[in-house]
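Here is what each chain is made of, one letter per residue.
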Amino acid sequence: MKILLGVTGGIAAYKSLELVRLFMKAGHQVQVVMTAGAKEFIQPLSFQALSGNPVRDQLFDENQEAGMGHIELARWADLIVIAPCSAETLAKLRMGRADDLLMTLCLATDRPIMLAPAMNRLMWSNAATQENVALLQQRGFEILTPAEGEQACGEVGAGRMPEPETIFSQAERYLDAQQKNAQAWAELHPSWQGKRLLITAGPTFEDLDPVRFIGNRSSGKMGFAIAEVAHKLGAQVTLIAGPVSLSCSPDISRLDVRSAQQMFEAVQSHYAQQDVFISAAAVADFRPANQSNQKIKKRTDQDLMSLQLVKNPDIVAWVAEQANKPFVVGFAAETENVLDYAQSKLKRKQLDMICANQVGKNLGFESEQNALTLVTRDAVEALMISSKKQQAFELLKFLASLHSF
Ligand code: C5P
């Protein structure tokens, strides 16, 4: 495997020599890229001697670029490891800076990036650093937990770079998992290539007046994860999103709506050309019977207030009734009797499949993880708890395995 090792400024930089040795001994090729800060701590020549490759440290150097340009270098790597990874590097990665060779490489790659943070304990626990770490993790960076112990500055706490052996074995395990993952994606790709998928995601907001609405706690993450994964598998994805604070790939055709009625209209104009419709949105079952144009005033003589609600159209059931319907997949978020309710919903709404999930207990709404149970008329498959992206992959794999799809 080809490992691009980024070394940034920190006293732990000398330990990365041992990391190069371990990678080389295991048969990997190593190309080292150093930042200006790293060179304050250690000589490039040491890395060159161990890796057998000249160290790269300049973005605008004709001689260095003549061998392998920075974009080629970004594509050359199977894995990028940054060890030690300074607090400054975490902040720059978060911002997407491209002000030196290493940052540019990280921005110009689609390869996995593993970070081994190393810094003073207060810098590590600082809210800014922790926020950077959380955001980078969300974006798919693999971030190792720093070790605890005595620090170069004399303080004791968490922030030391993990030992080279630990980084090495985590990198090996990660590469292994990545390889298996890449294989699974490559196998599924032909099934989804060119398929047309319509998906709804997020909550709907039903306005009472210009400032108030009835909504729910759906974040839209599950639907967005399915849209992203299907897009990466080659599907043509149309995503109808309720009010969410999520972004998606620019290649996904996205329509933003607010209310159930607007979502219904968007689905009506798009369902006919689709192979599959996945209704992941948490559509409000009712909306206020009257919507006030002005803010509804509080009446001081009133302790009780009633709202009259009218039923919203059931979007997924409507699609399932159409003669030219696509394969229809619904979601069932329940707090109890998940499977029973899901099976009766499948029949009642005439769906082809339903994805049942228990909400609460760190699962479902607002959470990063989920554990779906996939239900058709003839089969039930319970997925293991995992990230919403992984659940999306398993769901699309299950769909592809159905004969009727
Ligand atoms: O009946 P329940 O709301 O639990 O059904 C959930 C499924 O129905 C989800 O797939 C949801 O997107 C869909 N639904 C809908 N229109 C509604 C209510 C729910 O499409 N008005």
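Residues numbered from 1 in each chain as written. Predicted model: local features only at pLDDT ≥ 70, side-chain atom pairs only at ≥ 80, totals over all residues. Heavy atoms only, no water.

Looking up the protein chain in an unreviewed UniProt entry gives the name Coenzyme A biosynthesis bifunctional protein CoaBC, with the organism given as Hydrogenovibrio crunogenus.

Caption draft 1: Spatial organisation of the UniProt feature "binding site: CTP" (unreviewed entry) in the protein chain. According to UniProt, the feature "binding site: CTP" (unreviewed entry) maps to Asp285, Lys295, Pro313, Asp314, Ile315, Val316, Phe331, Lys345 and Lys349 in the numbering used here. On the basis of their most widely separated C-alpha atoms, the annotated residues across 65 residues do not gather in one place, lying as much as 37.4 Å apart. Set against the second largest pocket, the annotated residues that line it come down to Asp285, Pro313, Asp314, Ile315, Val316, Phe331, Lys345 and Lys349. Of note, Ile315 is situated in helix 13 (residues 315-321). The contacts of Ile315, once residues within four sequence positions are left out, are Ala260, Met263, Phe264, Val267, Phe277 and Val283. Along the polypeptide, Lys349 turns up in the loop between helix 14 (338-348) and strand 17 (353-358). You can call Lys349 buried: its relative accessible area is 17%. (UniProt positions renumbered as here; feature names shortened; annotations may be inferred. 1 Å grid on protein atoms, 1.4 Å probe; cavity = no way out; pocket = protein on both sides within 12 Å on 5 of 7 lines; lining within 4 Å. Helix = DSSP H or I, 4+ residues; strand = E, 2+ residues; numbered from the N terminus. Contact = heavy atoms within 4.5 Å. Buried < 20%, exposed > 50% of the residue type's maximum accessible area, 1.4 Å probe, protein only.)

Caption draft 2: Geometry of the sheet that holds strand 16 (residues 327-334). Spatially, the 8 strands line up as an open sheet ordered 12-11-8-13-16-17-19-20, and their pairing is mixed. A single partner strand is all that each edge strand has here, and the edge strands are strand 12 (253-256) and strand 20 (380-382). Between one strand axis and the next, the sheet turns through 15° on average, direction left out of account. Pairing of strand 13 (residues 276-279) with strand 16 involves 4 bridges; the strand directions are parallel. The residue of strand 16 that forms the bridge with Ser279 is Gly330. The strands that helix 11 (residues 221-232) touches are strand 8 (196-201), strand 11 (236-241), strand 12, strand 13 and strand 16; relative to strand 8, the one it contacts most, it runs at about 160°. (Pairing = 2+ DSSP bridges. Axes fitted to C-alpha atoms, helices over the stretch in contact; angles between N-to-C directions.)

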